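# Structural description and commentary
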Amino acid sequence: MSHAPSRPILQAAMQNGSGAAAILSASIGCFALAILSIAADASSSLKAILIFYKPTGPLSGVTTVAILVWLVTWAILDWRWKRTTLPMARINAAAFTLLGLAFLLTFPPIANLF
């Protein structure tokens, strides 16, 4: 019987910065959508500013700005975190918290409080 020489198994930490940036920026974009929709309902001047396409009203501006927030946040976080290893538990906890808040803020009984 011949045994192959045993080599120590080295487990390099995977760089997860780009994935973490995608997850966190998506939740930031969702939260921005919720905040913008509440703000547009509460402020007539902001509502007027956010009308990018008249047939849809301020919804066109709310969604466009939220998408821009998501993309810009994703680009910045990816640029900063591309070659790093981050604690995904903390990133996921922050993302789920923001997603939960975004859901609650877009739920009509809660959104109508503002």
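Just above, that's the structure.
Residue indices begin from 1 for each chain and proceed along its sequence in written order. In keeping with the predicted nature of the model, local features appear solely for residues at pLDDT of at least 70, side-chain atom pairs appear and are counted solely at 80 or more, and the whole-chain, interface and lining totals rest on all residues. With hydrogens and water excluded, all non-hydrogen atoms of the structure serve as input to the side-chain values.

## Structural notes on the packing of helix H1 (residues 17-42) against helix H4 (residues 88-106)
One can describe the packing of H1 onto H4 by two numbers: an axis separation of 8 Å at closest approach and a directional angle of 20°. The angle between H1 and H4 falls in the class roughly parallel. Crossing handedness for the pair H1 and H4: left-handed. Here Ala-20, Ile-23, Leu-24, Ser-27, Ile-28, Cys-30, Phe-31, Ala-34, Ile-35, Ser-37 and Ile-38 of H1 come into contact with H4, specifically with Met-88, Ile-91, Asn-92, Ala-94, Ala-95, Leu-98, Leu-99, Leu-101, Ala-102, Leu-105 and Thr-106. Note on residue classes: Ala, Val, Leu, Ile, Met, Phe, Trp, Tyr, Cys and Pro are nonpolar, Asp, Glu, Lys and Arg are charged, and everything else, Gly too, is polar. Of the residues in the contact of H1 with H4, the class split is 18 nonpolar, 4 polar and no charged. Here an angle of 0 to 180 degrees is reported between the N-to-C directions of two axes, which are lines fitted to C-alpha atoms, with helices fitted over the stretch in contact. Where helices and strands are cited, they refer to DSSP runs of H or I of at least four residues and of E of at least two residues respectively, numbered from the N terminus. Between 65 and 115 degrees an angle is taken as roughly perpendicular, under 35 as roughly parallel, over 145 as roughly antiparallel, and anywhere else as oblique. For a crossing to be left-handed, the near helix must be turned anticlockwise from the far one by less than a right angle; the clockwise case is right-handed. Two residues form a contact once any of their heavy atoms are found within 4.5 Å.

## As for the packing of H1 against helix H3 (residues 58-81)
One can describe the packing of H1 onto H3 by two numbers: an axis separation of 8 Å at closest approach and a directional angle of 155°. Regarding the angle of H1 to H3, the classification is roughly antiparallel. The hand of the H1/H3 crossing is right-handed. Tallied by class, residues from the contact of H1 with H3 come to 18 nonpolar, 7 polar and 1 charged.

## Some words on the packing of aromatic side chains
Under the pairing criterion, centres of Phe, Tyr and Trp rings, with the six-membered ring standing for Trp, must be within 6.5 Å; the plane angle then separates stacked pairs below 30 degrees from edge-to-face pairs above 60, leaving the rest tilted. Evaluation of the coordinates by the stated rule reveals 2 aromatic pairs. For the pair Trp-70 and Trp-74, a centre-to-centre distance of 5.5 Å together with 25° between the ring planes defines the contact as stacked. Separated by 4 residues within a single helix, Trp-70 and Trp-74 lie in helix H3, roughly one turn from each other. A relative accessible area of 29% places Trp-70 in the partly exposed class. Each residue is assigned to one of three classes by its accessible area relative to the maximum for its type, calculated with a 1.4 Å probe on protein chains only: buried under 20%, partly exposed between the two thresholds, exposed over 50%.

## Overview of H1
Here H1 spans 37 Å end to end across 26 residues, near enough to the 38 Å set by a 1.5 Å rise per residue. Among the structural elements, helix H2 (44-49), H3, H4 and helix H5 (108-111) are those in contact with the buried residues of H1. Take the residue count of a helix, subtract one, and multiply by 1.5 Å to get its expected span.

## A word on the environment of Ala-94
Mapped onto the elements, Ala-94 comes out in helix H4. C-alpha of Ala-94 to C-alpha of Ile-28: the two residues are 66 residues apart in sequence and 9.4 Å apart in space.

## Notes on the side chain of Thr-73
When you line up the elements, Thr-73 lands in helix H3. Overall, the relative accessible area of 17% leaves Thr-73 in the buried class.

Just geometry here; none of it tells us what the structure is for.
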